Amino acid sequence: MDATFYLASGAGPHGAVLLLHGLPGYEQNADLAQSIRRGGWNVLIFHYRGVWGNAGSFSVSSAIEDTAEAVRFLRDPRNAVKYRIDPTRVVVVGHSLGGFLAGYEAGHDSNIAAVAMIAAVNMGKINADPTERQARLKRWETQLHPVRGVTATDLLDEAERHAKEWDYKKWAGALHGRSVLLVEADDQNHADMEALAIALQLQGNAALDHEVMATDHSFSDHRIALQTIVLNWLERLKVDPSWSKR
């Protein structure tokens, strides 16, 4: 898989952020990656199989596997030395579909130190409302040119088959006790993000940071504000004494 590694300056070791883009990834959040690197973190951005020229066919299931593989890459002892990574401080941050993938990875890997979900789509709920399903289908049909081996209908059908296991509200218990950042936009994922925030609060997750921004799905006019929110959250993680317990 094609990837870009943003190496933080200094001897390190540095914590590592896996930054996951959406589908297909027109917004790759490279500005956010550079800001995070300036904040003293290594950052890895990669393209999932079947997108942007990568071999294979895309599916959400394969993207879940790709995300876990990227985490393994960051934890590999050889890569930890080469890229000055602290493998105990791996954080996943994702936008849109990437936000869903970040939540899935953190919910299924207890060694992920913290997770940020930005305007995250809830793949377990995208078929719940027929009107919303049709609207999403039309959007995706115009956006999947860089995606190989799958149609918008295929992706919605895959999500329907996995509806129960891909409803990210159900991961609230698995995320309990870890630092979680939720950043909402005024978009089609707003209601699901609100539901996730409530589910985390009901779990008593005192480490929840929840931000709501009046902007579009790509945070087009709030890019600096988005960077500030993420950087402040990461900075708090740096000084959090619970790091040593993870």
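Refer to the structure printed above.
Residues numbered from 1 in each chain as written. Predicted model: local features only at pLDDT ≥ 70, side-chain atom pairs only at ≥ 80, totals over all residues. Heavy atoms only, no water.

1. Topic: the packing of helix α5 (residues 130-141) against helix α6 (residues 152-161)
- Across the interface, α5 lies against α6 with an axial gap of 9 Å and an inter-helix angle of 135°. The orientation of α5 with respect to α6, classified from their angle, is oblique. For the pair α5 and α6, the crossing hand works out as right-handed. Side by side, α5 and α6 meet where R133, R136, L137, W140 and E141 of the first sit next to A152, T153, L155, L156, D157 and E160 of the second.
- Per-class residue counts for the contact of α5 with α6 are five nonpolar, one polar and five charged. (Axes fitted to C-alpha atoms, helices over the stretch in contact; angles between N-to-C directions. Helix = DSSP H or I, 4+ residues; strand = E, 2+ residues; numbered from the N terminus. Parallel < 35°, antiparallel > 145°, perpendicular 65-115°, else oblique. Left-handed = near helix turned anticlockwise from the far one by under 90°. Contact = heavy atoms within 4.5 Å. Nonpolar A, V, L, I, M, F, W, Y, C, P; charged D, E, K, R; others polar.)

2. Observations concerning the pattern of salt bridges
- Within this structure, the stated rule accounts for 13 salt bridges.
- A salt bridge links R223 to E27; the shortest N-O distance between them is 3.7 Å. Taken together, the residues R223 in helix α9 (residues 223-239) and E27 in the loop between β2 (14-20) and α1 (30-38) connect sequence positions 196 residues apart.
- Put simply, K169 and D167 hold a salt bridge, and the shortest N to O gap is 3.1 Å. (Salt bridge = Lys/Arg side-chain N within 4 Å of Asp/Glu carboxyl O.)

3. Concerning the pairing of strand β4 (residues 85-95)
- With nine of 11 residues buried, β4 is to be regarded as a mostly interior element.
- Where β4 and strand β5 (residues 114-118) come together, five bridges link them in parallel fashion. Across the sheet, residue V92 finds its bridge partner in β5, namely V115.
- For the handedness criterion, the β-α-β arrangement of β4, helix α4 (residues 97-108) and β5 is classed as right-handed. (Buried < 20%, exposed > 50% of the residue type's maximum accessible area, 1.4 Å probe, protein only. Pairing = 2+ DSSP bridges. Right-handed = clockwise from strand over helix to strand, strands pointing away.)

4. Considerations on the sheet that holds strand β1 (residues 3-6)
- Taken in spatial order, the seven strands line up as β1-β3-β2-β4-β5-β6-β7 in an open sheet, and their pairing is mixed. With partners counted over all chains shown, the strands left at the sheet margins are β1 and β7 (208-212), one partner each. Averaged over neighbouring strand pairs, the angle between their axes works out to 15° when direction is ignored.
- As defined by bridge partners, β5 adjoins strand β6 (residues 179-184) across five bridges and the pair is classed as parallel. For A114, the partnering residue across the bridge sits in β6 and is S179.
- Against the sheet, α4 contacts β2, β4 and β5, and its axis sits at roughly 140° relative to β4.

5. Quick word on the environment of P130
- Mapped onto the fold, P130 is located in helix α5.
- Taking the C-alpha atoms as reference points, P130 and G25, 105 residues apart in sequence, are found 25 Å from one another.

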